[in-house]
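Coordinates in review
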Amino acid sequence: MARTFLLILTFFVFFSCWGAGVYVRNNGHFSEFILSGMADSIVSVSEGDSRIMVELITPLAADTASKFNDPFIKSISIDGHMLIVNFYKDTDYTLSKRDGDILITAAKVKKSEDIQLGYGIEKPVLKGSDRIMEDAKADDVLKEVDGSIAEEEYAYALAVTENMLNSGVEGYYRQEALFRLGMIYFKMGEEADDNYVFASQIFDDFIKEFPDSFRKKDALIKSAEAKEMAMLFNEAIFSYNTIIKSLRDRKIRKMAYERIADIYSRSGQYVKAIQAHEDVIKNFKESFTLQKAKIGLLQANRKDYDLAYKTFLTVLDNKSQLGLLEAEELYTMADVFAKRSQFDIARELYEKVYALYPSNELADVAMYYSANMYAKQNNDKATDARLDICRQVYKTKKGGLMCAVLYAIRHVDEKAPLEWEKELKPALDSQDIDIRSEAELVLINAYFNNNEYDNADKRVDEFIKKNFTSESLPEVYRIRQLITLTKARAAYKKSDYAVAKQLIEDMLSVFPDTEFKREALEILQDISFGDIRDMFAAGYNKETIEALTKYLTENTELINPEKWMFMLQEAKFAYAKELYTDENLFDTIIAASEYLTSFPNGIHKYEISNMLVDSVSRTMDEYYMNKEFIKIISLYEMNTEVITKGGDEPFRDKMKSYTAFALYKMGMHDQSSEMLDTVVDTANPYFMMTSIILGRITEQVNTDVFTKGMVDFIVQELETTNPDYLVEMLKGYTKDKTYASKQIYSISKGVFDDLKRETILFDLYNRLDTDETTRFEGYDEVYLDTGIAYYKRNNFENAVTALEKFKLNHIPRDEKRAEGLYYLGKSYMKLNKNEESTNALMELLESVPDSVYASAARGELEEIEWRKNLKK
């Protein structure tokens, strides 16, 4: 009969973040319900006669509509955080945690007074027979069976025993044969677990058939052991409980209690295991220390180290019994005390492990940790002595290899790398990745400390290939970074900057968050700093600023930002000074402004401010002279700070007045007026100029404060809107009387009121006549216009005077001269001075014969001649 597990139902529950498997399986004797990965999610458990309710942290979502065909589990339902499992009547169940899973085991309820053939076994394996063998033959058969069992010829023993039973043997011989049949299957359990199941069934049959047999005790024990070996834990626990209730032998009952505790422990039901060990103490007080040690072990397995520590303290109260503890209990006890930093106690316990159990699998590791406890207490001599013994006693075992590696770590600088490589060969060849990787790490450090960086680097490569899952990998990567950094430093010192830079950049690309980032960046930044500094020293100021700005933008983690900012400040100052020296005023303004923005309290603040003020002032002058009013406004807006707060007061007032004038010219009169209101010195000529134009000043001012260009602006603005004010102003302009006269004459031409125009002309005529310094090129035309004006007023005497002056001063034989001669002749004619008139008109015909006035002159001459004829 093969042992089979029938998969009754399998389905999966999917959570919001991950999926967990949920399944039920039955093997005929019991059923298991498993919810994978959810052991740590349990909030509470509620148990009833036929129901268990488990509340979980993580909500579940599952389709549990599938039909169950299970003899013990009736149904499973899921409602949010709640899992509910219902059982059939007369079903026993337990909940435990195993490897992170929730395990619920269900089996038929067993009653001590109802010992049947087996759990779930409906019929006895064997039935009695009426045939009886003779005693002698039966004894021989039994001896033959015993011999075969002793020789481990179980198949033959099984065949003989079954033949004997099938022969109809009864009574004592049947009892003996049946018991041996159970023992044969028990022995065969090492080959297949199913044989343990058969053995337990046979022993249960034996107990039922021979309840008063002297072998009942053995059958009970073997039945329980067989079930335990078959991992039918619930059945085994029931059988051990039956032993406790059925037998009086104290040792056997104690064994049964202990086996129950051990089963719970093996199945991961630590809480029940602890309670079972407490039951042992309750019924067998002399076992207090041993059981408490086992309880402490279970508590440590549950990671409840505080409770384990308290329990182990009670064990220490009976130090005389420590020698009775098992190796695992002593080792775990030592581990708990080590976690509490009670290194002396821990060391003594580790020492007991390898002293009492030198062949135990924990002995060599315990010796390693005993050395470690000395190391924790900084007892170097004792540590080295213990490590040295350990590595010699347990040369090839785990603990010995660990000791050899730790010894090498502590003395890595005392031997050459090749010596360590030879000494650590067993550890380097170990299949244990932790030991092998630690040994490799020793060699890497040995080569590194010996300045053999290339060999160390090769070892790092080998380590990564062979031990890429090792916990020591971060430390290996750390050493690789140190190797790279050390090589880069060496290259930097040799001025091999390209190599140093490449090494650092490669390292940072692989390890961007390295703990050596500051040192790496410092080297990298020093190299870049040197390159840019050389550029600056060569006089490439603009290029230096661009390089610095780009570097500072791309590299925010500066190690020494002060030196970078200082060089940037110096470069910006040098560039501004270079531009200023080259008379590149506009770029000087930009460069100087950038300097002050970046370094408002820079060491060159005052010098750069002076350059900025002068450049703004001279640039504004240029824009003013070129009538580039938009540029004036733009320049003001770009340099408002320096114009309103920099330089001296005359500078500020001049710039504001310029800007006010530009605003006026661009049609922004209100803004212009507002700007003028900010001027402090109202005697400032620029302020006065703009104020005159805006009509804010109506009285005459000292015109000589204005430059010729300023007067030009005033003339342009007022010649049509306020010519009277303008003419009066020009009369008072003595800095350039010629210019003033010319402007007055120009203004007169635009005056359409004849009276006003004549007044201006007559006044200008007298000005030119009396003061030669007021005469300008072409001033003779004033005589012409004045003479014509007098002529039109019938003031022929004055007309003649003015026109004679024109004729005298106007040399060109052009239309103007023709016009003057014509009106001169006409004026003389009005004065009845025909001869003078004739002379003027004849001169016109002779000098400008093609003039438009020539035909008129001929007509006038004919009239003069006609009058002469009348008088004859």
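Residues numbered from 1 in each chain as written. Predicted model: local features only at pLDDT ≥ 70, side-chain atom pairs only at ≥ 80, totals over all residues. Heavy atoms only, no water.

**Things to note about the overall build of the protein**
Helices and strands together make up the secondary structure of the protein, namely 40 helices and nine strands. Computed over the C-alpha atoms, the radius of gyration of the protein is 60 Å, more than 25% above the 29 Å expected from 2.2 N^0.38 for a compact globule of 872 residues. Across its three principal axes, the protein shows a C-alpha extent of roughly 210 × 70 × 50 Å. Counting over 872 residues, the protein shows a buried share of 49%. A sequence separation of at least 24 residues applies to 54% of the contacts in the protein between residues at least 6 apart. (Helix = DSSP H or I, 4+ residues; strand = E, 2+ residues; numbered from the N terminus. Rg over C-alpha atoms; globule rule 2.2 N^0.38 Å. Buried < 20%, exposed > 50% of the residue type's maximum accessible area, 1.4 Å probe, protein only. Contact = heavy atoms within 4.5 Å.)

**Some words on the environment of Arg480**
With respect to the secondary-structure elements, Arg480 resides in helix H20 (residues 473-493). On the basis of relative accessible area, Arg480 is assigned to the buried category, the value being 17%. Distance from Arg480 to Asp461, taken between C-alpha atoms, is 9.3 Å for residues 19 residues apart in sequence. When sequence neighbours within four positions are dropped, the list of residues in contact with Arg480 reads Asp457, Val460, Asp461, Ile464 and Phe511.

**Section: a negative patch on the surface**
The grouping of Glu151, Glu152, Glu153, Glu190 and Glu191 at the surface amounts to a negative patch. Here Glu151 lies in the loop between helix H1 (135-150) and helix H2 (154-166). (Patch = residues over 30% accessible without salt bridge, like charges linked within 9 Å, V, L, I, M, F, W, Y side chains within 5 Å. Areas by Shrake-Rupley, 256 points an atom, 1.4 Å probe, with all protein chains shown as cover. Salt bridge = Lys/Arg side-chain N within 4 Å of Asp/Glu carboxyl O. Lys, Arg positive; Asp, Glu negative; His and termini not counted. Charge placed at Lys NZ, Arg CZ, Asp CG, Glu CD.)

**Things to note about the packing of aromatic side chains**
What the rule picks out here adds up to 36 aromatic pairs. Ring centres of Phe179 and Phe206 lie 5.7 Å apart, and the angle between their planes is 65 degrees; this geometry places the pair in the edge-to-face category. Of this pair, Phe179 sits in helix H3 (residues 171-188) while Phe206 sits in helix H4 (residues 193-209); the two residues are 27 residues apart in sequence, bridging distant segments of the chain. You'll find Phe179 and Phe206 in the same group, each marked buried. Taken together through their ring pairs, the aromatic side chains of Tyr624, Phe629, Tyr658, Phe661, Tyr686 and Phe713 make up a single cluster. One residue, Arg340, lies across the ring of Tyr309, its end atom 4.2 Å from the ring centre. Geometry around Phe529 places Lys563 over its ring, the cationic atom sitting 4.6 Å from the centre. (Phe/Tyr/Trp six-rings, centres within 6.5 Å; stacked < 30°, edge-to-face > 60°. Lys NZ or Arg CZ within 6 Å of the ring centre and 35° of its normal.)

**Brief notes about the pattern of salt bridges**
Going through the model one piece at a time under the given rule, you end up with 60 salt bridges. Asp614 serves as the salt-bridge partner of Arg618, at 3.1 Å between the closest nitrogen and oxygen. Of the two residues, Arg618 and Asp614 are both situated in helix H26 (residues 605-625); the distance of four residues between them amounts to about one turn of the helix. The shortest N-O distance in the salt bridge between Lys631 and Glu628 comes to 3.1 Å.

**Topic: the nonpolar core**
Ranked by internal contacts, the top residues of the largest apolar core, which has 111 residues, are Val616, Tyr624, Met689, Phe706, Ile714, Leu730 and Leu844. With near-sequence residues (within four places) excluded, Phe706 lies in contact with Pro685, Met688, Met689, Ile692, Val701, Val711, Ile714, Met729, Tyr733 and Lys735. (Core = buried A, V, L, I, M, F, W, Y, C linked by side-chain atoms within 4.5 Å.)

**Quick word on the environment of Asn86**
Tracing the backbone through its elements, the reader meets Asn86 in strand S7 (residues 82-87). Through-space distance from the C-alpha of Asn86 to that of Arg51 is 4.5 Å; in sequence the pair is 35 residues apart. Leaving out residues up to four positions away in the same chain, Asn86 has contacts with Ser50, Arg51, Phe72, Ile73, Lys74 and Ser75.

**Brief notes about the packing of H26 against helix H29 (residues 649-665)**
Where H26 contacts H29, the axes come no closer than 11 Å and their chain directions differ by 30 degrees. Of the possible angle classes, the one that applies to H26 and H29 is roughly parallel. Crossing hand, H26 versus H29: left-handed. Residues Val613, Val616, Ser617, Met620, Asp621 and Tyr624 of H26 lie in contact with H29, whose contacting residues are Phe651, Lys654, Met655, Tyr658, Thr659 and Phe661. (Axes fitted to C-alpha atoms, helices over the stretch in contact; angles between N-to-C directions. Parallel < 35°, antiparallel > 145°, perpendicular 65-115°, else oblique. Left-handed = near helix turned anticlockwise from the far one by under 90°.)

**As for the side chain of Ser741**
Along the polypeptide, Ser741 turns up in helix H34 (residues 737-749). Residue Ser741 is classed as buried on the basis of its relative accessible area, which comes to 0%. Here the side chain of Ser741 touches Thr774 through a polar contact of 2.8 Å, landing on its backbone oxygen. Apart from residues no more than four positions distant in its own chain, Ser741 is found in contact with Leu764, Arg767, Leu768, Thr774 and Phe776. (Polar contact = N/O pair within 3.5 Å; in protein donor to acceptor, adjacent residues only side chain to side chain.)

**As for the packing of H29 against helix H30 (residues 669-677)**
Axes are the key here: two packed helices are described by the angle between their axes and the distance separating the axes. For the pair H29 and H30, interaxial distance at closest approach is 7 Å and the crossing angle is 165 degrees. Of the possible angle classes, the one that applies to H29 and H30 is roughly antiparallel. Between H29 and H30 lies a crossing whose hand is left-handed. On the side of H29, the interface is formed by Lys656, Thr659, Ala660, Phe661, Leu663 and Tyr664, while H30 contributes His669, Gln671, Ser672, Met675 and Leu676. Taken together, the residues that form the contact of H29 with H30 break down as six nonpolar, four polar and one charged. (Nonpolar A, V, L, I, M, F, W, Y, C, P; charged D, E, K, R; others polar.)

**Some remarks on helix H13 (residues 363-376)**
Between its first and last C-alpha atoms H13 spans 20 Å; for 14 residues at 1.5 Å apiece the expected length is 20 Å, and the two agree. Taking burial as the measure, the 14 residues of H13 include eleven buried ones, the bulk of the element. Where H13 is concerned, the buried positions are Ala363, Asp364, Val365, Ala366, Met367, Tyr368, Ser370, Ala371, Asn372, Met373 and Tyr374. Of the surrounding elements, those touching the buried residues of H13 are helix H11 (327-339), helix H12 (343-356), helix H14 (380-393) and helix H15 (398-410). (Expected span 1.5 Å × (residues − 1).)

**Considerations on unusual backbone geometry**
A positive phi angle, near 60 degrees, is found at Glu152, a position not held by glycine. Secondary-structure assignment places Glu152 in the loop between H1 and H2. Positive phi values are uncommon outside glycine, yet Lys303 reaches one of about 65 degrees. Mapped onto the fold, Lys303 is located in the loop between helix H9 (288-301) and helix H10 (305-316). Exposure remark for Lys303: the relative accessible area of 59% places this residue in the exposed category.

**Considerations on a nonpolar patch on the surface**
Taken together, Phe586, Ile590 and Met638 make up a surface patch of nonpolar side chains, about 240 Å² in accessible area. Within the fold, Phe586 resides in helix H25 (residues 585-598).

**Digging into the pairing of strand S9 (residues 101-108)**
Of all eight residues that make up S9, six are buried, and the element is covered over most of its length. Sheet topology note: the strand S8 (residues 91-98)/S9 ladder contains eight bridges and is antiparallel. Counterpart to Lys97 in the pairing with S9 is Ile102. Between S8 and S9, which pair antiparallel one after the other, the connecting turn spans two residues, and Asp99 there sits at a positive phi close to 55 degrees. (Pairing = 2+ DSSP bridges.)

**Quick look at H9**
The terminal C-alpha atoms of H9 lie 20 Å apart, and with 14 residues this matches the ideal 20 Å at 1.5 Å per residue to within 8%. Of all the positions in H9, only Thr289, Gln291, Lys292, Ala293, Ile295, Gly296, Leu297, Leu298, Gln299 and Ala300 are classed as buried. If you follow the buried residues of H9, they end up packed against helix H7 (250-266), helix H8 (270-283), H10 and H11. Just beyond H9, the residue with positive phi is Lys303, at close to 65 degrees.

**A few points about the pairing of strand S5 (residues 51-56)**
Within a regular strand, the side chains alternate between the two sheet faces. Residues of S5 alternate between two faces, with Ile52, Val54 and Leu56 buried on one and Arg51, Met53 and Glu55 left unburied on the opposite face. Taken together, the five bridges between S5 and S7 define a ladder with antiparallel strand orientation. Note that in S7 the partner of Arg51 across the bridge is Asn86.

**A closer look at the confidence of the model for the protein**
Low pLDDT means the predicted coordinates in that region are not meant to be read closely. Within the protein, residue pLDDT values average 87, and 93% of them lie at 70 or more. Counted against residues more than four places away or in other chains, residues 1-19, with its pLDDT under 50, gives 51 contacts. This stretch, residues 110-134, has a pLDDT under 50; its non-local contacts, to residues over four places away or in other chains, come to 54 contacts. (pLDDT = per-residue confidence, 0-100.)

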